[in-house]
Amino acid sequence: AQTVTQSQPEMSVQEAETVTLSCTYDTSESDYYLFWYKQPPSRQMILVIRQEAYKQQNATENRFSVNFQKAAKSFSLKISDSQLGDAAMYFCAYRIPLGTDKLIFGTGTRLQVFP
Amino acid sequence: EPEVTQTPSHQVTQMGQEVILRCVPISNHLYFYWYRQILGQKVEFLVSFYNNEISEKSEIFDDQFSVERPDGSNFTLKIRSTKLEDSAMYFCASKRGGSYNEQFFGPGTRLTVL
């Protein structure tokens, strides 16, 4: 069965600093997608970044980048130059590009950003 | 930018009552989903819906649950006889066709069963 694990329930970072959120997953599939979603308080989840498993290059989106280690089944999110607006719940998620494309989520990491 | 919307934002109900949670997906999307998150736990897949029928459902989605797209714009989740353990945040999502496209989520409905 596919599972996603986020071992850090809460993290905090000072404004302008860098923080890394961890995620590991378990799957026997060779083709899959990994995601980080951000959920600000009382707002919907929005996609931050995605990584296709077949791509060796780590995905980046502005201040957000991932460290994808396929053999270790690890997918961490690095947020550089943290801003107050980055404070949110962050969910790591996985899906395979077949069938209904359902997402499998981790339990989330709450990120606090201090000025 | 188009968004998925959900109503109500918070629903309080008595155990045993029926509830209907409503979602308006993005208009050109073809696939629809419901997920739920019990407080402090992970977001869990409930059901996916395509071409006016359920395409996949989880073991959570038992006979007490049903989904419907009654009018081509709304997508509803009905819980026939709510239990205390149905208290959770329910998220609707939608996506265009194609496995590469991503799901867009609504803000959720918090269901409290007393």
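Residues numbered from 1 in each chain as written. Chains lettered and ligands numbered in written order. Predicted model: local features only at pLDDT ≥ 70, side-chain atom pairs only at ≥ 80, totals over all residues. Heavy atoms only, no water.

*Asks:* Pulling in residues and values, what's your account of the layout of surface pockets?
*Replies:* Sizing a probe to match a water molecule and rolling it over the atoms shows the empty space that remains. Here the largest pocket is characterised by a volume of approximately 380 Å³. Forming the walls of the largest pocket are 19 residues, and the residues nearest its centre are A:Gln39, A:Met89, A:Arg110, B:Gln37 and B:Arg110. Sorting the residues of the lining of the largest pocket by element identifies strand S10 (88-95) of chain A together with strand S9 (88-95) of chain B as the ones contributing at least two each. Residues that form the lining of the largest pocket fall into these classes: nine nonpolar, seven polar and three charged. (1 Å grid on protein atoms, 1.4 Å probe; cavity = no way out; pocket = protein on both sides within 12 Å on 5 of 7 lines; lining within 4 Å. Points joined across faces, edges and corners; volume = space filled by probe spheres on them. Helix = DSSP H or I, 4+ residues; strand = E, 2+ residues; numbered from the N terminus. Nonpolar A, V, L, I, M, F, W, Y, C, P; charged D, E, K, R; others polar.)

*Asks:* Any details on the state of the cysteines? Residues and values, ideally.
*Replies:* Considering all chains together, one arrives at two disulfides over all chains under this definition. In this model, A:Cys23 is linked to A:Cys92 through a disulfide, with the two sulfur atoms separated by 2.0 Å. Residues A:Cys23 and A:Cys92 are joined by a disulfide whose S-S torsion is about -70°; by sign, that bridge is left-handed. A residue pair is termed long-range when its members are at least 10 positions apart, and A:Cys23 in the loop between strand S3 (19-21) and strand S4 (24-26) and A:Cys92 in strand S10 qualify at 69 residues. A disulfide bridge connects B:Cys23 with B:Cys92, and the sulfur atoms are separated by 1.9 Å. Handedness of the B:Cys23-B:Cys92 disulfide follows from its S-S torsion of about -65°: it is left-handed. Taken together, the residues span a long stretch of sequence, with B:Cys23 in strand S3 (residues 19-24) and B:Cys92 in strand S9 at a distance of 69 residues. (Disulfide = S-S within 2.5 Å.)

*Asks:* Can you explain the packing of aromatic side chains? Please cite residues and give values.
*Replies:* Applying the stated rule across the entire model yields 20 aromatic pairs over all chains. A centroid spacing of 5.5 Å and a plane angle of 40° characterise the contact between B:Phe32 and B:Phe75, whose relative ring orientation is tilted. Taken together, the residues span a long stretch of sequence, with B:Phe32 in strand S4 (residues 31-37) and B:Phe75 in strand S8 (residues 75-79) at a distance of 43 residues. Each member of the pair B:Phe32 and B:Phe75 is classed as buried. A centroid spacing of 5.5 Å and a plane angle of 45° characterise the contact between B:Tyr35 and B:Phe105, whose relative ring orientation is tilted. Taken as a pair, B:Tyr35 in strand S4 and B:Phe105 in strand S10 (residues 104-105) lie far apart in primary sequence, 70 residues in all. For the residue pair B:Tyr35 and B:Phe105, the accessibility class agrees, reading buried in each case. Cluster of aromatic residues (ring-pair linked, three or more members): A:Tyr33, A:Phe35, A:Tyr37, A:Phe91, A:Phe105, B:Tyr33, B:Tyr35, B:Phe45 and B:Phe105. Directly above the ring of A:Tyr33 sits A:Arg50, whose terminal nitrogen or CZ lies 4.5 Å from the centroid. Taking the ring centre of B:Tyr31 as reference, the NZ or CZ of B:Lys95 above it sits at 4.5 Å. (Phe/Tyr/Trp six-rings, centres within 6.5 Å; stacked < 30°, edge-to-face > 60°. Buried < 20%, exposed > 50% of the residue type's maximum accessible area, 1.4 Å probe, protein only. Lys NZ or Arg CZ within 6 Å of the ring centre and 35° of its normal.)

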